[in-house]
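What the coordinates show
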Amino acid sequence: SNEAEDPPSTVRQIRLTVSDGLADSPVEIVNVNLGAVNDVPHVDLNGPLANGFDFATTFVEEGACIPVANATSAEVTDFDSAQLSQITATLTGIMDAGFETIQLDPLFTLPLGLIISVTDGVDWRAVTISGNGSLANYSEVLQSIYYCNTRDEPSMSARTIWVQAQDEQRANSTRQSSTIAIQLINDAPMLNITGTPVFVDGSAGVTLFTSANVTDPDSATMRSVTVRFIQRYSPNERFSSSLATGNDSITETTLDPYIYVLNIDLPSSSTEALIRNVMYANTDPEPSPETRTICIVVSDGAKTSNEVCLNMTVELVNDNGPILVSVNPAITNVSENTVSVISQLYATDSDYGVDGMLTFAIESVTSVLTATDAPSTNIPATRSLFSIVSTGANNASLVLTAGLDAEQYRLHNVTVLISDGGTPVREARGMVSITVIGVNDERPAIAPLLSTTISEGLLVGDTVIVLMASDADAHAQHNTISKYTLLNNTDTFAIDNQGVMTLTEALDFYKESEYAVGVEIEDNGSPPLTASTTVFVQVALFDPCFSNITTTRWVEGTRLEVLSPGLTLGCRSRAAVVTSASVTLPPNPPCIGQTLCQLTQRLLGCQLNETNAPVYRLMDTAQGKFVGGATVPTDASCTATAITLSQTTSLQYAELPAGTLPDLSTTDFTISARFKISRVVPRQREMLMAVNTDSTRRYLALYFLNDGLNANRLWLYYYNAGRYVHRFENVHVYNGDYHNVIVMVRPVQREVTVYVDCIRVANETMEAQMTWDNTIALQIGRRLGSSDFNFDGTIDDIIVQQRLWSQEDINCMCSDNDILENCGETLQRPSVSTPLTATLSNLGRSLTMTGSYNYSVYEAALRSVTYRYIPPISQDQARPVTFALTDDRSRSGSNATTITIVDTNTNLAPVVLMDGRNANIEQQYDEAQQLVVNIATAITITDADNTNLVSATVTLSNHNTVEMLDVNRTVAASNLIMIIRATDGSSLNLTAGGASRPRQNFQAVLRTVNYRIVGEISLLRMPITTVAFVATDSGDTGLSSVSSNPATVNITIRTSSNRAAPQISGIVSPLPLASPVQALAAAAVFTDPDLAQNLATQITVQVASRPTPVASPITGLTCERYASLLVRTLECTNRLASQVFDLLTPSPTAQFPLSVNTTVPDGNTAFMDGFNFHFTILQAQHNFAGVNLSAFSLSVWMKQDANNEGYILALSDVAGNRYLSLYSRRLVNQIWLLTGINGQNMIFTLGSTVTLSDGKWHHLFVSFSRPMATIFIDGANIGSQDSTGTGFIVPSSYLLYVGGRPSTITPSLSNFKFSGELAGLQFWNDASTEAQAACTHGDCRPSLSATGSDGIVAAYSESPLSMTMTGVASTVFSSYQTVLRTLSYTNELAPTGSWNLTYTSTDGSNTASTSQILTN
């Protein structure tokens, strides 16, 4: 036999012999062959050193995973195999599913080639590691198989894990078991609490914990609750629970002052209730305010829970007040002027923290006057002498901070208030009594530093500041100030003995912006005592401002009122330039009555409203439609605005029916309409308006015709006479936009004038005069009896007015500018002549004036701005008005005044206007027609507070026996008006027979007043006669009647033949030239001996001869009496010749630097070709050394070539640093200026209106006052810029280049040489005003000027030098006279001698002339 596990396979031999004792038998040999079999693997969980192959171990609850075999010695063996194929461990009888498992150690790494797989059953889990591996690798795997259980309170039954190995031949080992015993542990309780306790001082206590949650997985009963302080602040603070009283399950124990224990035998829920019942109490009268940290744990008897802590706040109550312990001393004596500690105060307060913090303060100081023993409390001057200084938490000192004044007060009782920091505050008081022991040593008192800010524009003599010094001595010989003395700046300021500092010379902000003025003050003591102070005076460039703005009263019935006639502008030098001003009314007008619609607003804005003149509107505002036609659309602000007519669907039109129009056959009238044509159809006729009775009688018709050739024709019919009036191609009414048409008719003269969009397109004379009857109607959009004239589009603003409109009226009515009034309230442009541009906007509520002028120009304009308000009022109203101003440095200022609209409660006088807007008008009487002239057809009578009149009078002045006034008696009778005419026809008296009648009745009768001549016209003494109209109202209740001011009609008599030429008289000759602009005919009179004024007249004034101009030193410049540019500069700038560098004066030392030694050619004009000519002016010629360039002026005449890009002037030192340069850039039309070292070029762009390279002479002027530079071209201000330079003093060695800079200085600029001519190059060492710059430029050419008006055109001609004034047939002589009186002659540089002027006047047939001589 062989019991070896794996015996060698060598053949075994067995020898057999038998012996009988004597002899042995032969040997028999038996060969034994050994056959190998596969041994199964063997698993030893316990390791080779321990007994048995199974393994037993214990898993502790909540413990880490444990190995299922001996982790160091467990092994797998196999006697005949070096490798295994797998090993499987199976956990059977799983009791804590989801919590327990077997697994490989997470830290173990499987050897290469092995894999792991897991198989789960109902109550088991198998972990298999497979793959060919060595016995050693599988032994490591066996040692790394672990059992895990994460369940709290796992099942206590032992677990069995079976382990089996398999070799390469798939032979399985015997299963070995690993038994896992389960050992449970006791879990600690878990505690969770919340709470934010606040203990209030003096309260019974506070519950600490708002909520509590106690859990224990293995204990249902808690054995103790422990509460402790992290830090205990008092033996009188403790914990308690009311549930412990009388409860056998709860026992209270205090282990030490910090720890409170409740021994209990309670379930968790009862434990939670107990915790919520724990209270904190503190019986200290003043508990410590620190926050307490309180912690709590619970125990199940074996283990203690987690400790939870919270903070408890202690809220103190101020329940104790301060106690004043001592005042030492309470009564004391103090010498005058002594600064010392007067008394010590000590107090206590038993409260903690802020409540116990004491504050000492002076509550009151009662001072007893030395002179009267009268007490005074809390005088600031004496109270400020005392202060409280804290010397500790409970101590303070009463301190005297300045000397007391025994002359004023002999005794001071200071009450000290001690307050704690609690709420409410508790207080205590103590008093210190101080008797003052006086000495006499007071100096004058004044603040050591004073400051004031004054305007640069302050005038000499104005007050700068008033110094207020005092002397504290009680005695009269010591307590007055006798003298104030300035210690410096005495040239600029002065001071009197009352301390009033005044200005003694004009200020200049840029020269000096701050002064420190020392002042000494001396009293009248013996010896005198002094004090001093420094006054800092700041000079400010104040914004422009207004002064003397008065509150304006607009009295009911007044048409216009000047806003502020005494207004002045100031705050800065009045020589400063203002650029704009505005006057603005508030946005909410005092509207009275219904909202005004667009048409009414425009009528008001143009002063054509029916309160002033009869206006017939084709608008029924009550029904929102045109009379007889289609409905008019409405909007939010207007009752009715426009009518839209469409002829493609139905016939639509608007009509002012027969009988509603006034008689238009003898009265001048105007028709106006705005329209927009919608359809464009070739040959379509658009009838805008027609005055007719039927299809055959058209009194007036106006329509447009599209002829299909993109041209428009306007057709005008007048009294059945068709007239092709005008074909205009530049104004297209078929473009879908709004257009305006105005027709003015003079029936008697048979004249019709038509305007389209403000352009006069027709002025025609018709063949016959219109006749009138009551069947005539005015139709808009069609004419009777014809449908092919129907209008397609929109028409609005249809009005008929019984008067001719002026050009101003026409411009206003067809303008889109917002110039309308709102409810009759508006501003008016300045009433004085002004160069400012005045613009009204915002319905006349805002007035803006612009233009760069000095203060006086704006002041005069603003003083004449008026306010206009039309409607009557029932009570006073205040209307604020804002004035604003902006100067040339973009500074602005504003001020306001108030217009008080006063209800006078008096009877206001009626207002008579002859044409709806003017109280005085012109009329004509034509001798040839022998007509009766209706002279008042447009008269209107308004009255702000009366509707009735009692009488009206019409009177001829300078009555002649051949003149007669009369009235239509039928109209008078129908209006119940009685007429009394003077026997000689010189006057009319209209009455209501002792009663009163509506003023409209009187107005209707006055409109029929006529004038005629009943005898030989040659008997008239004057060509003009005047008729005056006066109306008298009925008076208000209890008030007397009031009469209007006279309104007049000046009637010019036109004779039937032209017998003589118009005459000019009143021309002064000889007339000295007193100024550069000379009025020539200020007193001229223009008349016609035979009264013939029905022909177009022309006046021509021509300069027949004048002195020969003096030759100019500048080639190409021609000026009269232009002897020297230097002379002109001296005259304009008021300078001495020694103050001006005349840089182009011929001089041997003026040489060119490019090796060309020559003088300046052609007198003092330098020709430069841009290549060879630039020269250096040496120091020997003009001494610029030491010149300060912080302020200078430079003047030069230049004519530059088209290709010029070069220097006019450059001043530099020998190192090439530029101190000043002036450079012209033709390519970009700019002037470049540099001032000071390190300065940047200031670039002035000239714009499209100024071109220097036009081959003409131009004048360039530079004015510089650091840092501002201003450039003028031909006298016009181009603009200003700031300089950035730093060095302005010219060094002793310098070079001044004219016409370029050499390349040796600036190589990159070597080509920038001036190309052209330079003349009159002058420099002086201070800045100049704009007026001086303009004067230096000058205007050498003489000229005539006049202002045309009322249709007269004034045309000026230079060759021959003349002015022609041409009018039309309707122009009256007074208008010629007005224009002639504006004639002036301008010749700023007039030579010595005389001028001969000829005045010629002609009416086309006859000519007259007169002459005038001007002398200089």
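This part takes up helix α2 (residues 268–276). Considered for burial, the residues of α2 that qualify are Ser268, Thr271, Glu272, Leu274 and Ile275. Down the axis of α2, the buried side of the element spans an arc of 160°, and every buried residue falls inside it.

Per the stated rule, a full pass over the model turns up 15 aromatic pairs. Pairwise contacts between aromatic rings join Phe199, Phe229, Phe239, Tyr260 and Tyr280 into one cluster. Between the NZ or CZ atom of Arg175 and the centre of the ring of Trp162, over which it lies, the distance is 4.3 Å.

Applying the stated rule across the entire model yields 15 salt bridges. Across the pair Asp96 and Arg151 runs a salt bridge whose closest N-O atoms are separated by 3.3 Å. Separated by 55 residues along the polypeptide, Asp96 in the loop between β7 (83–92) and β8 (100–104) and Arg151 in the loop between β11 (145–149) and β12 (159–167) bring together distant segments of the chain. Residue Asp96 is classed as buried on the basis of its relative accessible area of 2%. According to the relative accessible area criterion, Arg151 is partly exposed, its value standing at 32%. A salt bridge links Asp96 to Arg159; its shortest N-O distance comes to 2.9 Å. Linking Asp96 in the loop between β7 and β8 with Arg159 in strand β12, this pair joins segments that are 63 residues apart in sequence. With relative accessibility at 1%, the residue Arg159 sits in the buried group. What emerges from the salt-bridge pattern is a single network uniting Asp96, Glu100, Arg151 and Arg159.

It is worth spelling out helix α11 (residues 1373–1380) at this point. Within α11, six of the eight residues are buried, which leaves the element mostly enclosed by the surrounding structure. Those residues of α11 that sit buried are Phe1373, Ser1375, Tyr1376, Gln1377, Val1379 and Leu1380. Among the structural elements, β79 (1063–1065), β82 (1085–1087), β83 (1098–1105), β99 (1362–1366) and β101 (1394–1402) are those in contact with the buried residues of α11.

Let us now look at unusual backbone geometry. Note that the residue after Thr423, namely Pro424, is joined by a cis bond; omega there is 0°. Cis peptide bonds are those with omega within 30 degrees of zero, and the linkage from Ser1069 to Pro1070 qualifies with -5°. By the secondary structure assignment, Pro1070 is in the loop between β79 and β80 (1071–1072). A positive phi angle is found at Glu62, which is not glycine, with a value near 65°. By the element assignment, Glu62 lies in the loop between β4 (55–60) and β5 (66–67). The backbone phi angle of Glu153 is positive, close to 65°, even though this residue is not glycine. In this structure, Glu153 sits in the loop between β11 and β12.

Here we come to the pairing of β101. The sheet contact formed by β83 and β101 spans seven bridges and is antiparallel. When the bridges of β101 are listed, Ile1099 appears paired with Ser1401. As paired strands, β101 and strand β102 (residues 1407–1415) are joined by nine bridges and run antiparallel to one another. By the bridge assignment, Ser1394 is partnered in β102 with Thr1415. Turn length for the β101-β102 hairpin, with the two strands adjacent in sequence and antiparallel, is four residues, and the turn residue Gly1404 shows positive phi of about 100°.

Once that is clear, we can look at the sheet that holds β8. Strand order in the open sheet formed by three strands is β5-β11-β8, with antiparallel pairing between adjacent strands. With one partner strand each, in any of the chains shown, β5 and β8 form the two edges of the open sheet. Relative to β11, β5 runs antiparallel, the two being bridged by two bridges. Across the sheet, Pro67 pairs through a bridge with Tyr146, a residue of β11. Relative to the sheet, helix α1 (residues 135–143) contacts β5, β8 and β11, its axis offset from that of β11 by approximately 15°.

Mapping Ser1221 onto the fold places it in strand β89 (residues 1218–1225). In terms of polar contacts, Ser1221 uses its side chain to reach the side chain of Arg1218, at 3.2 Å.

Among the ten residues that make up β7, seven are buried, leaving the element largely enclosed by the rest of the structure. Here eight bridges tie β7 to strand β10 (residues 125–134), and the two strands are oriented antiparallel to one another. In the sheet register, Ile87 faces β10, and the bridge partner there is Ile129. Relative to β12, β7 is paired through eight bridges, and the arrangement is antiparallel. In the strand pairing of β12, Ala89 is matched with Val163.

Counting residues in hydrophobic clusters, the biggest one holds 36 residues, and the most contacted among them are Leu1189, Leu1194, Leu1220 and Leu1260. With four residues, the top contributor of residues to this core is strand β87 (residues 1191–1200). Residues contacting Leu1220, with those up to four places away along its chain left out, are Leu1189, Phe1192, Leu1194, Leu1209, Ala1210, Leu1211, Leu1233, Leu1234, Thr1235 and Phe1323. Counting 35 residues, the second largest nonpolar core, distinct from the first, contains Leu988, Leu990, Phe1002 and Val1009.

A few words now on the state of the cysteines. What the rule picks out here adds up to two disulfides. Residue pairing for Cys65: its cysteine sulfur links by disulfide to Cys148, the two sulfurs lying 1.9 Å apart. In this structure the cystine formed by Cys65 and Cys148 twists about its S-S bond by roughly 120°; its chirality is therefore right-handed. Remark: Cys148 occurs in strand β11 and Cys65 occurs in the loop between β4 and β5; sequence separation between them is 83 residues. Overall, Cys65 belongs to the partly exposed group, its relative accessible area being 34%.

Further remarks concern the sheet that holds strand β31 (residues 395–400). Taken in spatial order, the four strands of this open sheet run β25-β27-β31-β30, and their pairing is antiparallel. A single partner strand is all that each edge strand has here, and the edge strands are β25 (323–328) and β30 (386–390). Averaged over all pairs of adjacent strands, the angle between their axes in this sheet comes to 25°, without regard to strand direction. Pairing of β30 with β31 involves five bridges; the strand directions are antiparallel. Across the sheet, residue Ile388 finds its bridge partner in β31, namely Leu398.

On to the side chain of Ser1283. Residue placement: Ser1283 occurs in the loop between β94 (1276–1282) and β95 (1294–1298). Once residues within four sequence positions are removed from consideration, Ser1283 is found in contact with Thr1235, Met1242, Phe1264, Pro1267 and Phe1288.

Turning to the confidence of the model for the chain, a few remarks are in order. On average, residues of the chain score 78 in pLDDT, and 75% of them are at 70 or above. In the predicted structure, residues 1306–1310 sits below a pLDDT of 50 and forms five contacts with residues beyond four places in sequence or in another chain.

Turning our eyes to something else, we now look at the environment of Val225. Relative to the helices and strands, Val225 is located in strand β18 (residues 221–229). The contacts of Val225, once residues within four sequence positions are left out, are Tyr260, Val261, Leu262, Ile264, Thr271, Leu274, Ile275, Ile296, Val297 and Val298.

It is worth spelling out the environment of Thr666 at this point. Structurally, the position occupied by Thr666 is in the loop between β50 (654–656) and β51 (669–677). Take Thr666: its relative accessible area is 35%, and that puts it in the partly exposed class. Between the C-alpha atoms of Thr666 and Pro747, which are 81 residues apart in sequence, the distance is 5.6 Å.

Calculation rules
- Residues numbered from 1 in each chain as written.
- Predicted model: local features only at pLDDT ≥ 70, side-chain atom pairs only at ≥ 80, totals over all residues.
- Heavy atoms only, no water.
- Buried < 20%, exposed > 50% of the residue type's maximum accessible area, 1.4 Å probe, protein only.
- Helix = DSSP H or I, 4+ residues; strand = E, 2+ residues; numbered from the N terminus.
- Arc of directions from axis to C-beta.
- Phe/Tyr/Trp six-rings, centres within 6.5 Å; stacked < 30°, edge-to-face > 60°.
- Lys NZ or Arg CZ within 6 Å of the ring centre and 35° of its normal.
- Salt bridge = Lys/Arg side-chain N within 4 Å of Asp/Glu carboxyl O.
- Contact = heavy atoms within 4.5 Å.
- Pairing = 2+ DSSP bridges.
- Axes fitted to C-alpha atoms, helices over the stretch in contact; angles between N-to-C directions.
- Polar contact = N/O pair within 3.5 Å; in protein donor to acceptor, adjacent residues only side chain to side chain.
- Core = buried A, V, L, I, M, F, W, Y, C linked by side-chain atoms within 4.5 Å.
- Disulfide = S-S within 2.5 Å.
- pLDDT = per-residue confidence, 0-100.

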